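Now for the letters of each chain:
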Amino acid sequence: METVLSGIRSTGHMHLGNYFGALRNFVKIQDTYNCFFFIADLHSLTTHPHPDDFHANVKIILSEYLAAGLDPEKCALYVQSDVPEISELYVLLNMIAYVGELERTTTFKDKVRLNPNNVNAGLLTYPVLMASDILSHRANWVPVGKDQEPHLEIARVLARRFNNTYGVELFPEPYAFNFGHDLVKVPGLDGSGKMGKSEGNGIYLIDDDKTITRKVMHAVTDSGPTEPDSEMSEPVANIFTLMKLVSDPDIVRQFEAAYADCSIRYGDLKKQLAADICKTVAPIRERIGSIYNDDAYLSKVVATGRDKARASASATLKLAQQAIGFRTF
Ligand code: TYM
C-alpha cells in the first residue's frame, strides 16, 4: 500500500487555503492509503512564537484537523516534535544538503525579502526538515498546495542523493499531488496573491457566518465587464476560483455566463459565494468547539498518533543509519 503524508504548520487557525490545499482531499483517502498527517510545530519555530502560544497553536490545529474529518483510527495523526526520529534524520539529511541549493529555493528567497532581520539557519534548512518529515515514513505522495512544490523538489533531490551516495533503495521519490487534480493556489480576498495567515486575507474554519459574509462582501473586485467575453481581472478571477471550490458547478456556470454577457452583479456573486463558503465551513466550525474542549480525547489521539509515527520513523532511521555506517559495539 502506498504511503501518503501531509502536514500543516501550527501558526494559528486553519484557513480555506490549508483546507483545500492539503486537507479536504486527504480526508477522503484515509481508507485507501497508509496515511500520516501531522502538526509541524518545529517548523513554526522559525518565527519564534511566544512560549504561551506554542502549545496553544498545536492544540488549535489538532482540533481543526479532527473537526475537518481526519480519523485518528485510520491515519497516524501526530505532533512533529513528539517524534524525535524526525529531528535525527534531519541531522543526517543536512549533511547531504548543499547550502547553495537551499539558498536558491524560491520560498527561502521570498522569506529573506519579506523578513531580512530574521534569516536564521532553521529557515535555510526548512526544506530539509520537511524532507525528513516525508522520508521518515518513506512517503510516496504528499497532498499540498502549489506553494509547496519547491520543497517537494528538494525532498526528491535528497531522497535520490541519499540512495546514490550509500548505494541503497531506501527512499522513494515523493511527489506532490492533489488526487488527479492540479495543485491548487487558493487566492485571498484582497485581489492578488494566495490566501495566507500572514497576509490577513483569509477565511478561517473557525469564522462564523456573519464574519465570512462580511469578509466576502468586502472582497476586492473591479468596476465590471464593459464588453462581452472580456478577460477577467485578477480580483474577479479570484472570486471565481473560490467559487469553483465551494459552489455547485451549475451555479458557477450561470455566473460565468452573466460575466460573459456583462449582466453580472458582483453583489449577487459575492452573496452566493458567501452562502456556499458558510455551507462548507459551518459543520466543521460546529465540531471544532467540542473537540477543542475535550482534553482527554486530544491527549489520547496524540499518544496513539505518536506511537504509530515513531514505529514507522524509527524503522526508517535505523535503515538510514545502517546505510551510512553506524554500527553498535
Ligand atoms: P503551511 O502550514 O504553510 O500550509 C499547510 C498546507 O496548506 C497549503 N496552503 C495552501 N494551498 C493552497 N492555497 C493556499 N492559499 C494555501 N495556503 C496554504 C500548503 O500548500 C500546505 O500544503 N511546510 C509546510 C508544512 C509542512 C509539510 C511537511 C507539508 C512541514 N512538513 C511535510 C507536507 C509535508 C507549510 O508550511 O505549510
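A. Looking closely at the pattern of salt bridges. Considering all chains together, one arrives at 17 salt bridges under this definition. Between Glu85 and Arg310 there is a salt bridge; the shortest N-O distance is 2.9 Å. With Glu85 in helix α4 (residues 84-94) and Arg310 in helix α14 (residues 295-324), this residue pair connects regions lying 225 residues apart in the sequence. Of the residues examined, Arg310 reaches a relative accessible area of 35% and is grouped as partly exposed. Measuring nitrogen to oxygen at the nearest pair gives 3.5 Å for the salt bridge that ties Lys244 to Glu256. Placement of Lys244 in helix α11 (residues 234-246) and of Glu256 in helix α12 (residues 249-260) is noted, with a sequence separation of 12 residues between them. A single network of salt bridges, built from pairs that share partners, joins Asp31, Asp71 and Lys74.

B. Local environment of the nonpolar core. Ranked by internal contacts, the top residues of the largest apolar core, which has 57 residues, are Tyr65, Leu77 and Ile277. Broken down by element, this core gets its largest block of residues, 10 residues, from helix α13 (residues 266-292). The two domains that each donate at least three residues to this core are domain 1 (3-185 + 295-324) and domain 2 (209-289). For Leu77, the residues in contact, after removing those within four places along its chain, are Phe37, Leu62, Tyr65, Leu66, Leu70, Val301, Val302 and Gly305. Of all hydrophobic cores here, the second largest spans 40 residues; its members include Tyr90, Leu102, Val144 and Leu158.

C. Geometry of the domain arrangement of the protein. Once the domains are mapped, the protein shows domain 1 (3-185 + 295-324) and domain 2 (209-289). Placing the centre of domain 1 and that of domain 2 at their C-alpha centroids yields a distance of 32 Å. Between domain 1 and domain 2, the residue contacts involve nine residues of the former and nine residues of the latter. Interface of domain 1 and domain 2: buried area, both sides summed, is about 770 Å²; carbon and sulfur atoms make up 77% of it. It is Leu16, Phe20 and Ala67 in domain 1 that bury the most area against domain 2; as a group they hold 58% of the surface buried on that side. Counting across the interface, domain 1 meets domain 2 through zero salt bridges.

The rules we used
Residues numbered from 1 in each chain as written. Predicted model: local features only at pLDDT ≥ 70, side-chain atom pairs only at ≥ 80, totals over all residues. Heavy atoms only, no water. Salt bridge = Lys/Arg side-chain N within 4 Å of Asp/Glu carboxyl O. Helix = DSSP H or I, 4+ residues; strand = E, 2+ residues; numbered from the N terminus. Buried < 20%, exposed > 50% of the residue type's maximum accessible area, 1.4 Å probe, protein only. Core = buried A, V, L, I, M, F, W, Y, C linked by side-chain atoms within 4.5 Å. Domains from an automatic or database assignment. Contact = heavy atoms within 4.5 Å. Buried area = accessible area lost by both parts, 1.4 Å probe.

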